[in-house]
Amino acid sequence: DKPRPTLTAGSTTIPVGGRVTLSCSVKTSAGWKYRWFRRTSVTSEVRIDNEENRDISVTQGGIYRCDGVRGNPDFYTEISHKKTIEIKFSNKVFLTQQPNWPQIFSGETITLTCEVQGGETTEWTYEWKRSGTVIHRTNSTNWTFSVSESSSGHYMCQCRRRDDWYSSTQWSESITLSVSDKPRPTLTAGSTTIPVGGRVTLSCSVKTSAGWKYRWFRRTSVTSEVRIDNEENRDISVTQGGIYRCVGVRGNPDFYTEISNEETIEIK
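Residues numbered from 1 in each chain as written. Predicted model: local features only at pLDDT ≥ 70, side-chain atom pairs only at ≥ 80, totals over all residues. Heavy atoms only, no water.

Topic: the UniProt feature "domain: Ig-like" (unreviewed entry) in the protein
What UniProt calls "domain: Ig-like" (unreviewed entry) maps, in this numbering, to residues 3-66, 73-178 and 183-246. When the span residues 3-66 is considered, its composition is 0% helix and 48% strand, and the gap between its end C-alpha atoms is 12 Å. Counting secondary structure, residues 183-246 comes out at 0% helix and 48% strand; the distance between its end C-alpha atoms is 12 Å. (UniProt positions renumbered as here; feature names shortened; annotations may be inferred. Helix = DSSP H or I, 4+ residues; strand = E, 2+ residues; numbered from the N terminus.)

A short note on the nonpolar core
By size, the foremost hydrophobic cluster in this structure holds 35 residues, and its most contacted members are Leu22, Trp36, Leu112, Trp128 and Tyr155. Looking at which element gives the most residues to this core, the answer is strand β13 (residues 109-116), with four residues. The residues contacting Tyr155, other than those within four sequence positions of it, are Leu95, Leu112, Lys129, Arg130, Ile135, Trp143, Phe145, Glu173, Ser174, Ile175 and Leu177. By size, the runner-up hydrophobic cluster in this structure holds 16 residues, among which are Leu187, Leu202, Val206 and Trp216. (Core = buried A, V, L, I, M, F, W, Y, C linked by side-chain atoms within 4.5 Å. Buried < 20%, exposed > 50% of the residue type's maximum accessible area, 1.4 Å probe, protein only. Contact = heavy atoms within 4.5 Å.)

Here we look at the layout of surface pockets
Taken as a whole, the largest pocket encloses approximately 180 Å³ of empty space. Along its surface, the largest pocket is lined by Ser90, Asn91, Lys92, Val93, Phe94, Leu95, Gln170, Trp171, Ser172, Glu173, Ser174 and Ile175. Among the elements that make up the lining of the largest pocket, the one with the highest residue count is strand β11 (residues 93-98) (three residues). Its residues assigned to classes, the lining of the largest pocket comprises five nonpolar, five polar and two charged. (1 Å grid on protein atoms, 1.4 Å probe; cavity = no way out; pocket = protein on both sides within 12 Å on 5 of 7 lines; lining within 4 Å. Points joined across faces, edges and corners; volume = space filled by probe spheres on them. Nonpolar A, V, L, I, M, F, W, Y, C, P; charged D, E, K, R; others polar.)

Let's talk about the pairing of strand β23 (residues 200-205)
With five of six residues buried, β23 lies mostly within the body of the structure. Note that β23 and strand β26 (residues 235-238) share four bridges and pair antiparallel. The residue bridging Leu202 from the neighbouring strand is Ile236, located in β26. (Pairing = 2+ DSSP bridges.)

Quick look at the packing of aromatic side chains
Enumeration according to the criterion identifies seven aromatic pairs in this entry. A centroid spacing of 6.1 Å and a plane angle of 45° characterise the contact between Trp32 and Phe75, whose relative ring orientation is tilted. With Trp32 in the loop between β3 (20-25) and β4 (33-39) and Phe75 in strand β8 (residues 75-76), the pair connects residues that are 43 residues apart, well separated along the chain. In this structure Trp32 comes out as buried when scored by relative accessible area, which is 12%. Between Phe89 and Trp124, the aromatic rings sit 5.7 Å apart at their centres with planes inclined by 75°, giving edge-to-face as the arrangement. You can see Phe89 sitting in strand β10 (residues 87-89) and its partner Trp124 sitting in strand β14 (residues 124-130), a full 35 residues away along the chain. Residue classification places Trp124 among the buried positions, given a relative accessible area of 3%. Three or more aromatic residues link up through ring pairs in this structure, and these residues are Trp128, Trp143, Phe145 and Tyr155. The ring of Trp171 has Lys129 lying over it, and the distance from NZ or CZ to the ring centre is 3.9 Å. (Phe/Tyr/Trp six-rings, centres within 6.5 Å; stacked < 30°, edge-to-face > 60°. Lys NZ or Arg CZ within 6 Å of the ring centre and 35° of its normal.)

Some points on the pairing of strand β15 (residues 133-138)
As paired elements, β14 and β15 share five bridges and run antiparallel to each other. Directly across from Lys129, in β15, lies its bridge partner Val134. Hairpin connection, β14 to β15: the antiparallel pair is bridged by two residues, and Ser131 has positive phi, about 50°.

Considerations on unusual backbone geometry
A cis geometry characterises the amide bond from Asn72 onward to Pro73, with omega recorded as 10°. With respect to the secondary-structure elements, Pro73 resides in the loop between β7 (62-70) and β8. Following Gln98, the chain continues to Pro99 via a peptide bond in cis, the omega torsion being -10°. Within the fold, Pro99 resides in the loop between β11 and β12 (104-105). For Asp49, which is not glycine, the phi torsion reads 55° and is therefore positive. Among the secondary structure elements, Asp49 is positioned in the loop between β5 (46-48) and β6 (55-58). By relative accessible area, which is 28% here, Asp49 ends up partly exposed.

Re the pattern of salt bridges
Throughout the structure, instances matching the rule amount to 15 salt bridges. Notably, a salt bridge pairs Glu52 with Lys33, separated by 3.5 Å at the nearest N-O pair. Placement of Glu52 in the loop between β5 and β6 and of Lys33 in strand β4 is noted, with a sequence separation of 19 residues between them. On the accessibility criterion, Glu52 (21% relative accessible area) is partly exposed. With its nearest N and O atoms 3.7 Å apart, the salt bridge here joins Arg215 to Asp254. Here Asp254 lies in the loop between β27 (242-250) and β28 (255-256) and Arg215 lies in strand β24 (residues 213-219), a separation of 39 residues in the sequence. With a relative accessible area of 17%, Arg215 lands in the buried category. When salt bridges with common partners are traced through the structure, they connect Lys213, Arg215, Arg227, Glu232 and Asp254 into a single cluster. (Salt bridge = Lys/Arg side-chain N within 4 Å of Asp/Glu carboxyl O.)

As structure tokens, this is what we get:
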């Protein structure tokens, strides 16, 4: 019966710019030349490599087939079974997060950056995976988004060649994003009763997180709340009585905590 050739592939893990060797063979017979064909999930099958060699070297992934031809007039074998070539580039991929606070809160904006070591000359599409599911694709190395509690999870990225969806890097190592509700800072006072000419130190703090600056506000029973102390320090020293509150701010764009509890300062 008419034979069907066997298609085999060498290693499919290569560095960017590397090649994969494909081999087509008809067993227990001689005199064959070989034709090669490639298609993708979205393109039709076309013939490649007009030299009719048994082995070819390819740089693109895809769905490959081959057949054998010999004699005069040409006699063709059956076409081989298809072989899907998924090329995995051996280049390392690094995923980083900015800002890299130890605790992230709902509503904050973060940027994830995916970088390929040694892949600068390749145009990539970047894929982002959270807890095992691909959730975003972009042609930019950066992905900036506002987080919510549903954003919590383990993030990884990989890169695919834009001109070849079957060729991609390995996945990066994962980073863990833990998102909590917007915090409320705690306002404390060294003393709530001070002598004339004295001072009271007020302190504002957001626990278990970093990077905060603080804004301070004061009102009385007959005046509206206004901002005081433009230096945005954690601790301030005040000489006036009144009702004080504070709020924390960090990041770019500015992210604000809830406003703190009130603290009433009386001068005696």
